[in-house]
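Take a look at the letters that make up each chain.
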Amino acid sequence: MAAGSTEHKIDKMIHLLVKNATVVVPGPKIASQMGVSPSAVFLWVEKLRGLGVEIKGHVGTGYQLSKIPDILVPSLIKAELGEGEIGHSIVHHFRTDSTNTLALSLAQQGAAHGTVVVAEEQTAGRGRLGRTWYSEKSSGIYASLILRPSLSPAAAPILTLMAGVATQNALNSVTGLDVDIRWPNDLLVNGKKVCGILTEMSAELGRLHAIVLGIGINVNHGEMPGELRSVATSLRIESRRSWSRVQIFIALLKELERYYHLLLEKGSAAIVERWAAASTYASGKRVRTVTAEAESVATTVGVDPSGALRVRYDDGHEEALVAGEIAEVK
Ligand code: BTN
């Protein structure tokens, strides 16, 4: 397990308590399953409580969860995944600077294809274009997936679109909310952003070593900080109820597995087709385009096989946007 990641024992103890959630688990049973001395069990219980897990102690009998914790620890997640590669290895941190930074460094150290890094909190979460990503503790999903596709670096935009469609499907299926995709990779509910994707890669001489798809989802944020409130929201704010991050995360990993295979088997056209069907921004949307060179107003007219967004400016000329961002003009 990577340095600083959730201790294996914590993961094991949560798993044990969740598996036996309806009963009081005797201290000696916890001790033997965790491989610690009976006298140390109380210290581990205290450690878990410090991490926000609610555990009731029963004098002389043992311990029981007061409620199932919504923590993204590997044992709770992996038990629900099939045989796929995505999420086969999960590195969980209660707190880290940025899961993308960590995933890039693990990728450089040889982490396997499909490895997922996830944190309850990020102290320096990164967004696109040098922005920061607001990463409130235990409210969102902050995850980075390492992929090692045998594709050229030019395929990176398609992988980003693939992640967008997979995440949209996961959010739709769990919450039933109507989730839109704004090119290239923002997921919106009622016009406000609930999820962003930051794609980074390590490549050399036209060869992709690894790609890191960093996905941030605002799940149970009660409110967004002032400066974000007009543009960002959370699933809880929009639906007026909170959601199991564990359930959403499991659905997300399953959908990523499914769409990654679709890309490998059917090629980028299948992803672009699904993306275009899933986004109101794909065609006929009046947008403000912001690129490194200029800002303009245009109408979207489709997505290229490479993942570039085609726009038609008011003077009639068309362009394929490969970078930058767009915003709806109302
Ligand atoms: C965006 O600007 O829309 C992209 C935001 C990406 C945020 C996620 S949270 C998990 C991963 N780690 C990071 O530091 N950033 C990405």
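One structure accompanies this document, and this report is about it. Please read these numbers as outputs of a predicted model, since none were measured by experiment.

## Regarding the pairing of strand β4 (residues 90-93)
- Of the two faces of β4, the one holding Ile90 and His92 and the one holding Val91 and His93 are both buried throughout.
- Examined bridge by bridge, β4 and strand β5 (residues 116-119) share four bridges and lie parallel to one another. Looking at β5, one finds that histidine 92 is bridged to valine 118.
- In this fold, the crossover linking β4 to β5 by way of helix α5 (residues 99-108) has right-handed handedness.

## What about empty space enclosed by the protein?
- Under the counting rule described, the total for this entry stands at one cavity of 30 Å³ or more.
- Reported here for the largest cavity is a volume of approximately 50 Å³.
- Val116, Ala143, Ser144, Leu145, Leu213, Ile215, Phe249, Leu252, Leu253 and Leu256 are the residues that line the largest cavity.
- Of all elements in the fold, only β6 (140-147), β10 (207-218) and α8 (245-266) reach the threshold of two or more residues within the lining of the largest cavity.
- Top contributing element to the lining of the largest cavity by residue count: α8, with four residues.
- Tallied by class, residues from the lining of the largest cavity come to nine nonpolar, one polar and no charged.

## Quick notes on the site of the ligand
- For the ligand, the set of nearby residues contains 20 residues, the closest of which are Ser98, Gln122, Arg126, Arg128 and Lys193.
- A distance of 2.7 Å is found between a nitrogen atom of the ligand and a backbone nitrogen or oxygen belonging to arginine 126.
- Calculation on the ligand without its partners gives an accessible area of 410 Å², and the protein chains cover 99% of this total.
- Spatially, the ligand is embedded in the largest pocket.

## Structural notes on the layout of surface pockets
- Considering only enclosed or pocket space, the largest pocket measures out at about 860 Å³ in volume.
- If you go around the largest pocket, you meet 41 residues; those closest to its centre are Arg131, Arg182, Asp186, Lys193 and Val231.
- Elements that contribute at least two residues to the lining of the largest pocket include exactly α5, β6, β8 (186-189), β9 (192-204), β10 and β15 (325-328).
- Of the residues that constitute the lining of the largest pocket, the class distribution is 16 nonpolar, 15 polar and ten charged.

## Examining the nonpolar core
- One finds Ile217 and Phe249 to be the most contacted residues of the largest nonpolar core, which totals 66 residues.
- For this core, the element with the highest residue contribution is α8, accounting for twelve residues.
- With near-sequence residues (within four places) excluded, phenylalanine 249 lies in contact with Leu72, Ile77, Val116, Val118, Ile141 and Ala143.
- Grouped together as the second largest cluster of nonpolar side chains are 23 residues, Ile10, Val25, Val41 and Tyr63 included.

## Considerations on the sheet that holds strand β12 (residues 295-303)
- With antiparallel pairing, the five strands of this open sheet are ordered in space as β14-β13-β12-β11-β15. Because the sheet does not close on itself, it has two edges, and the strands there are β14 (318-321) and β15. Across this sheet, the average inter-strand angle for adjacent strands is 45 degrees, counted without regard to direction.
- Of the strand pairs in this sheet, strand β11 (residues 283-290) and β12 are connected by six bridges, and their pairing is antiparallel. When the bridges of β12 are listed, arginine 286 appears paired with threonine 299.

## Let's talk about the pattern of salt bridges
- Using the criterion set out here, one finds 18 salt bridges in the structure.
- Glutamate 200 is paired through a salt bridge with arginine 126; the nearest N and O atoms lie 2.7 Å apart. Of this pair, glutamate 200 sits in strand β9 while arginine 126 is found in the loop between β5 and β6, placing the two residues 74 residues apart along the sequence.
- Residue glutamate 200 is classed as buried on the basis of its relative accessible area of 19%.
- One salt bridge connects lysine 193 with aspartate 186, and the closest N-O pair in it is separated by 2.8 Å. Side by side, lysine 193 and aspartate 186 carry an identical accessibility label, which is buried.
- Through salt bridges that share partners, Asp304, Arg310, Arg312 and Glu318 make up one connected network.

What counts and how
Residues numbered from 1 in each chain as written. Predicted model: local features only at pLDDT ≥ 70, side-chain atom pairs only at ≥ 80, totals over all residues. Heavy atoms only, no water. Buried < 20%, exposed > 50% of the residue type's maximum accessible area, 1.4 Å probe, protein only. Helix = DSSP H or I, 4+ residues; strand = E, 2+ residues; numbered from the N terminus. Pairing = 2+ DSSP bridges. Right-handed = clockwise from strand over helix to strand, strands pointing away. 1 Å grid on protein atoms, 1.4 Å probe; cavity = no way out; pocket = protein on both sides within 12 Å on 5 of 7 lines; lining within 4 Å. Points joined across faces, edges and corners; volume = space filled by probe spheres on them. Nonpolar A, V, L, I, M, F, W, Y, C, P; charged D, E, K, R; others polar. Near = heavy atom within 4 Å. Polar contact = N/O pair within 3.5 Å; in protein donor to acceptor, adjacent residues only side chain to side chain. Areas by Shrake-Rupley, 256 points an atom, 1.4 Å probe, with all protein chains shown as cover. Sits in = over half its atoms within 2 Å of the grid points. Core = buried A, V, L, I, M, F, W, Y, C linked by side-chain atoms within 4.5 Å. Contact = heavy atoms within 4.5 Å. Axes fitted to C-alpha atoms, helices over the stretch in contact; angles between N-to-C directions. Salt bridge = Lys/Arg side-chain N within 4 Å of Asp/Glu carboxyl O.

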